[in-house]
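# Observations on the three-dimensional arrangement
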Amino acid sequence: MSKILLLNSGLKHAQAFVDPFLKRLEVHLSSKENCVDVRSAENFDERTFFEYDQVVFLFSIALDSIPSSTLEIFQKLENQSKNHTEIYALIACDEYEPEKCNLSKKIIQKWCHRENLHFKGTLKIGSVLFIMKSASKFVVSNYIKSFASAILKHESIDSQVTMLTDKIFMKMANKYWNKEIQRKHKEKIKKLKHEKGE
């Protein structure tokens, strides 16, 4: 039986972006043979980290870099006694290109190497904010299933997915920003009317 930890290690305000992926991954990993625990950066106890056979870090990034909350976890774990824990990561970014997650992947790889942990791979997801509101989330579901399968088989994996095409991404982005502009315009008019006493 494997003990697996799914650790939503992103910043508190950004954890909601990866929660749907975490829940789907949990479904695929849960079975009679496996014990799956879910924790966030806030309720994580570093003393129990190395009781798990496999740990999956899940987080979204901004400006290509790993979140400070994940780095804090790394720091807390540096003085703990180690075992042969396998490390995986699901990294999401709001940019179209999942390659924006590569720097975070390299940081995790380097940390694992330094701590003598087994880095087994990543699933990188681009366009995460748009994917959550589009048909693309079904495509992502297949990638999550493959990611879970690799974890269960203790296999290495390096996978990535984004919106289906550049054209779809641009269409969704334009639609989103047009809505935002209209909303801000309405708020501005309402504020002006309030200030004039209308």
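A brief report on the enclosed structure follows. Computed from a predicted structure; not experimentally measured.

Calculation notes
- Residues numbered from 1 in each chain as written.
- Predicted model: local features only at pLDDT ≥ 70, side-chain atom pairs only at ≥ 80, totals over all residues.
- Heavy atoms only, no water.
- Buried < 20%, exposed > 50% of the residue type's maximum accessible area, 1.4 Å probe, protein only.
- Helix = DSSP H or I, 4+ residues; strand = E, 2+ residues; numbered from the N terminus.
- Pairing = 2+ DSSP bridges.
- Expected span 1.5 Å × (residues − 1).
- Arc of directions from axis to C-beta.
- Contact = heavy atoms within 4.5 Å.
- Phe/Tyr/Trp six-rings, centres within 6.5 Å; stacked < 30°, edge-to-face > 60°.
- Salt bridge = Lys/Arg side-chain N within 4 Å of Asp/Glu carboxyl O.

Let us look at the pairing of strand 3 (residues 54–61). Among the 8 residues of strand 3, 8 are classified as buried, and the element is accordingly described as predominantly covered. The alternating pattern of strand 3 places Gln 54, Val 56, Leu 58 and Ser 60 and Val 55, Phe 57, Phe 59 and Ile 61 on opposite faces, both of which are buried. Sheet analysis places strand 1 (residues 2–8) next to strand 3, joined by 5 bridges and oriented parallel. Among the inter-strand pairings, Leu 5 is bridged to a residue of strand 3, identified as Val 55. As defined by bridge partners, strand 3 adjoins strand 4 (residues 86–93) across 8 bridges and the pair is classed as parallel. Looking at the pairing, Ser 60 lines up with Ala 92 of strand 4.

Bringing the environment of Lys 76 into the picture now. If you trace the backbone, Lys 76 turns up in helix 2 (residues 68–77). On the basis of relative accessible area, Lys 76 is assigned to the partly exposed category, the value being 43%. Residues Lys 76 and Leu 11, spaced 65 residues apart in sequence, show a C-alpha to C-alpha distance of 16 Å.

With that out of the way, let us pick up helix 3 (residues 102–114). The end-to-end C-alpha distance of helix 3, which contains 13 residues, comes to 18 Å, matching closely the 18 Å that a straight helix rising 1.5 Å per residue would cover. The set of residues buried in helix 3 consists of Ser 104, Lys 105, Ile 108, Trp 111 and Cys 112. Angularly, the buried residues of helix 3 cover 130° about the axis, an arc narrow enough to put them on a single face. In helix 3, the exposed positions that point more than 90 degrees away from the buried face belong to Lys 106, Lys 110, His 113 and Arg 114. Residues of helix 3 that are buried in the fold lie against strand 3, helix 2, strand 4, strand 5 (118–125) and strand 6 (157–161). A positive phi of about 60° marks Asn 116, the residue just after helix 3.

Here we come to the environment of Leu 71. Secondary-structure assignment places Leu 71 in helix 2. As a C-alpha pair, Leu 71 and Ser 40 span 31 residues in sequence and 14 Å in three-dimensional space.

Right, let's talk about the side chain of Ser 40 for a bit. Structurally, Ser 40 is set in strand 2 (residues 34–40). Given the relative accessible area of 14%, Ser 40 is considered buried. Excluding its chain neighbours within four sequence positions, the residues that come into contact with Ser 40 are Leu 7, Asn 8 and Gln 15.

Here we come to the packing of aromatic side chains. With the rule as written, the count across this model stands at 7 aromatic pairs. With a centroid separation of 6.2 Å and an interplanar angle of 35°, the aromatic rings of Phe 49 and Phe 57 are classed as tilted. Here the two residues Phe 49 and Phe 57 agree in accessibility, since each one is buried. Between Tyr 88 and Phe 147 the ring centres are 6.0 Å apart and the planes differ by 85°, which places this aromatic pair in the edge-to-face class. Of the two residues, Tyr 88 is situated in strand 4 and Phe 147 in helix 5 (residues 136–152); the sequence distance between them amounts to 59 residues.

Here we take up the pattern of salt bridges. Between side chains of opposite charge, a pair can form when the charged atoms approach closely. Counted according to the given criterion, the structure contains 8 salt bridges. One salt bridge connects Glu 78 with Arg 114, and the closest N-O pair in it is separated by 2.3 Å. One end of the pair, Glu 78, is in the loop between helix 2 and strand 4; the other, Arg 114, is in helix 3, and 36 residues separate them in sequence. By relative accessible area, which is 54% here, Arg 114 ends up exposed. As a salt-bridge pair, Asp 158 and Lys 105 come within 3.0 Å of each other at their nearest N and O atoms. Of this pair, Asp 158 sits in strand 6 while Lys 105 is found in helix 3, placing the two residues 53 residues apart along the sequence. Taken together, the shared-partner salt bridges in this structure form one network comprising Glu 78, Arg 114 and Glu 115.

This part covers the pairing of strand 6. Put simply, side chains in a regular strand alternate between the two faces of the sheet. Along strand 6, the buried face is formed by Ile 157, Ser 159 and Val 161; none of Asp 158 and Gln 160, which line the opposite face, is buried. In terms of strand pairing, strand 5 meets strand 6 through 5 bridges, oriented parallel. Its bridge partner being in strand 6, Lys 124 is matched across the sheet by Gln 160.

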